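Remarks on the overall topology
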Amino acid sequence: MGQTLLQALRGTQDLLPGASAGWHALEERLRACLRAYHYREIRTPLLEDVALFQRSVGETTDIVQKEMYVFADRGGRQIALRPEATASIVRAYIEHSLDKQGTLAKLYYLGPMFRGERPQAGRLRQFHQIGVEAIGSTDPLLDAEVIALAHALLAAAGLRRMQIALNTVGCPEDKQRNAARLKQSLATHEHALCEDCRSRLTRNVFRVLDCKQSGCRNIVRQVVGQGPLLECCAACRTHFQMVKDALRALGVTHTEDPAMVRGLDYYTRTVFEVTHPALGAKDAVGAGGRYDRLVADLGGPETGAIGFALGWERLIMAVEEEQPEICHTAAATQGDIFIVTLTPEARAHGLALAQQLRREGLIVDMDFEERSLKAQLRQANRGSFAYAALLGASELRDGVVTLKDLKAGTQEQIPTERLADELRQRCQR
Ligand code: HAM
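Okay, so let's go over this structure. Bear in mind the structure is a predicted one, so any value in this text is a computation, not a measurement. (Residues numbered from 1 in each chain as written. Predicted model: local features only at pLDDT ≥ 70, side-chain atom pairs only at ≥ 80, totals over all residues. Heavy atoms only, no water.)

Counting secondary structure elements, the chain contains 16 helices and 16 strands. In terms of overall size, the chain is more extended than a compact globule, its C-alpha atoms giving a radius of gyration of 28 Å where 429 residues would be expected to give roughly 22 Å. With the principal axes as the frame, the chain shows a C-alpha extent of 90 × 65 × 40 Å. When the 429 residues of the chain are sorted by exposure, 51% land in the buried category. The averaged location of the 53 negative side-chain charges in the chain is 3 Å from the averaged location of its 54 positive side-chain charges. (Helix = DSSP H or I, 4+ residues; strand = E, 2+ residues; numbered from the N terminus. Rg over C-alpha atoms; globule rule 2.2 N^0.38 Å. Buried < 20%, exposed > 50% of the residue type's maximum accessible area, 1.4 Å probe, protein only. Lys, Arg positive; Asp, Glu negative; His and termini not counted. Charge placed at Lys NZ, Arg CZ, Asp CG, Glu CD.)

So this is what it looks like as structure tokens:
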């Protein structure tokens, strides 16, 4: 009886070797850019106490209410697979007293996140983010630098057609005032809202703005059309103006979107989204904003912070459309030398020779299937090796290898002890 073939879960992806080289090439470009802005990498666990996300992203958000993977571990504790990293990094910042290091913490991360959304193009259940968090300052110039960094990362990935939209959601007092106003405007439509939104009306009215139900979306559109959604105090308006002025001075083009409230509760003041035509306007390549209350709310010191995350798979989609050669050049990375063995005795020597050449920094492989000479040469060509070293009875006897240049088709004999030097020079290792 045949068994059902097991497959990867819906919304998860295998990254095969043909694609991983492109990921590496892109990752290296982005890491170099992050280093230039003086960010250092932080890695936090994929598993966290579920309360961390309830208290930061927010209990009434879609992410926490509908999308988070939560399970009871063997000790009965409620554990979440992280749906995002900002909360984890703030937890780590507090837990390891990073504020005591006396300066702004500029941290970056790259890794998988988990959200049980309906899978579709650009929307996965396990996806990756590359993101930054700058914790320890409320300076509007930092907002400008962080947004400029988001732009610089996309530029480092070879993209030019990204668009940045900005808004300010104000301080906690502004948010409270705006929530009351929004509640009033939506109250007249209460009967037409979905059940979730009726409860959001009292628990967290901003989340009505993120609802994906078409009935609620229509009502939101009407309310947005009636006038400015968010009004901010003078200090928040000045902060926002300084951010925009600084961005203009840096030459980072952006638009303003006064209706943008992001789907996570922790944001205060500046919020932004980055879109790219490869994905359409609905799905952002990346997004972020300030969260000046979160560190204190999670038990840390009173301190401002701002960050963003780019969706890695969405970034790849944009690069595939605008600059496909970046991924594909990397995929064609060459091997240096393939050792072709012609006798059983030569195989043992070949194994040792491969080890020795690798120690010299060369990319080396050999046959492990006892194939014919022709098949081994075919394998060398398929693996994009530059050279093949033929090793048979006569080569072993004479202490040489027959070095075949696989592009030119020429071949010559080289003493085995000179092989490493010769190859290092030719392959520029
Ligand atoms: P977010 O807007 O929830 O923000 O996610 C940031 C980016 O992650 C999105 O713009 C998108 O590119 C990608 N993304 C989100 N969900 C999915 C999915 N299901 N499949 C594929 N890609 C996805 C945050 O996560 C915040 N932590 C960003 C931040 C950092 N704010 C301040 N600091």
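What follows picks up the thread again.
Turning next to a positive patch on the surface. Where like charges cluster on the molecular surface, the positive patch consists of Arg 10, Arg 118, Arg 217, Arg 221 and Lys 282. Summarising the element assignment, Arg 10 is placed in the segment before helix H1 (17-36). (Patch = residues over 30% accessible without salt bridge, like charges linked within 9 Å, V, L, I, M, F, W, Y side chains within 5 Å. Areas by Shrake-Rupley, 256 points an atom, 1.4 Å probe, with all protein chains shown as cover. Salt bridge = Lys/Arg side-chain N within 4 Å of Asp/Glu carboxyl O.)

What follows concerns unusual backbone geometry. One non-glycine residue, Glu 370, lies in the positive phi region at around 50 degrees. Mapped onto the elements, Glu 370 comes out in the loop between strand S13 (364-366) and helix H14 (373-382). For Glu 370, a relative accessible area of 63% corresponds to the exposed category. The phi dihedral of Gln 428 is positive, around 55 degrees, even though this residue is not glycine.

Attention now moves to the sheet that holds strand S3 (residues 69-72). Strand order in the open sheet formed by 3 strands is S2-S4-S3, with antiparallel pairing between adjacent strands. Sheet topology places strand S2 (47-49) and S3 at the edges, where each strand pairs with a single neighbour. Strand-to-strand twist across the sheet, computed as the mean angle between neighbouring axes with direction ignored, equals 35 degrees. By the bridge criterion, 4 bridges tie S3 to strand S4 (residues 78-81) in an arrangement that is antiparallel. What sits directly across from Ala 72, in S4, is Gln 78. Running over the sheet, helix H2 (residues 50-58) touches S2, S3 and S4 and is turned about 70 degrees from S2. (Pairing = 2+ DSSP bridges. Axes fitted to C-alpha atoms, helices over the stretch in contact; angles between N-to-C directions. Contact = heavy atoms within 4.5 Å.)

Around the ligand sit 27 residues, and of these Glu 84, Thr 86, Glu 117, Arg 262 and Tyr 267 come closest. Here a nitrogen atom of the ligand and a backbone polar atom of Leu 124 are 2.8 Å apart. Within the side chain of Arg 314, a nitrogen or oxygen atom sits 3.5 Å from a nitrogen atom of the ligand. Expressed as a share of its isolated accessible area of 660 Å², the protein-covered part of the ligand is 96%. Of all elements in the fold, only strand S6 (126-135), strand S10 (286-290) and strand S11 (305-311) reach the threshold of two or more residues within the shell around the ligand. Tallied by class, the residues present in the shell around the ligand amount to 12 nonpolar, 8 polar and 7 charged. (Near = heavy atom within 4 Å. Polar contact = N/O pair within 3.5 Å; in protein donor to acceptor, adjacent residues only side chain to side chain. Nonpolar A, V, L, I, M, F, W, Y, C, P; charged D, E, K, R; others polar.)

Quick look at the sheet that holds strand S8 (residues 255-256) now. Read from one edge of the open sheet, 8 strands run S1-S5-S6-S11-S10-S9-S7-S8, paired in mixed fashion. Two strands in the sheet have a free side with no partner beyond their single neighbour: strand S1 (40-41) and S8. Two elements, strand S9 (residues 270-275) and S10, share 4 bridges in a ladder whose sense is antiparallel. Looking at S10, one finds that Val 274 is bridged to Gly 286. Along the sheet face, helix H11 (residues 312-322) touches strand S5 (105-114), S6 and S11 and points at about 105 degrees away from the line of S6.

Glancing now at the state of the cysteines. Applying the stated criterion across every chain, the model contains 0 disulfides. Cys 233 takes part in no disulfide bond, and the closest cysteine sulfur to it belongs to Cys 236, at a distance of 3.6 Å. Owing to a relative accessible area of 22%, Cys 233 belongs among the partly exposed residues under this scheme. (Disulfide = S-S within 2.5 Å.)

Attention now moves to helix H16 (residues 416-426). All of the buried residues along H16 are Leu 419, Ala 420, Glu 422 and Leu 423. Looking at the packing, one finds that the buried side of H16 touches strand S12 (335-341), helix H13 (344-359), strand S14 (385-391), strand S15 (400-405) and strand S16 (411-415).

The subject of this paragraph is the packing of aromatic side chains. Under the counting rule described, the total for this entry stands at 5 aromatic pairs. Judged by centre distance (4.9 Å) and plane angle (65 degrees), the rings of Tyr 266 and Tyr 267 are edge-to-face. Across the pair, exposure class does not vary: Tyr 266 and Tyr 267 are buried alike. Judged by centre distance (6.0 Å) and plane angle (65 degrees), the rings of Phe 272 and Phe 308 are edge-to-face. Within this pair, whereas Phe 272 is found in strand S9, its partner Phe 308 is found in strand S11, the two being separated by 36 residues in sequence. There is no split in this pair, since Phe 272 and Phe 308 are both buried. (Phe/Tyr/Trp six-rings, centres within 6.5 Å; stacked < 30°, edge-to-face > 60°.)

Okay, the pattern of salt bridges next. Tallying each qualifying case throughout the model produces 34 salt bridges. One salt bridge connects Lys 100 with Asp 99, and the closest N-O pair in it is separated by 4.0 Å. Among the salt bridges present, the one from Glu 422 reaches Arg 418, with a minimum N-O distance of 3.3 Å. Remark: Arg 418 and Glu 422 occur in helix H16; sequence separation between them is 4 residues, near one turn of the helix. Connected through shared salt-bridge partners, Glu 27, Arg 31, Glu 41 and Arg 43 make up one network.

This part is about the environment of Gly 399. Within the secondary structure, Gly 399 is located in the loop between helix H15 (393-398) and S15. With relative accessibility at 33%, the residue Gly 399 sits in the partly exposed group. In this structure, the C-alpha to C-alpha distance between Gly 399 and Thr 416, residues 17 residues apart in sequence, is 5.9 Å. Those residues in contact with Gly 399 that lie beyond four places of it in its chain are Pro 415 and Thr 416.

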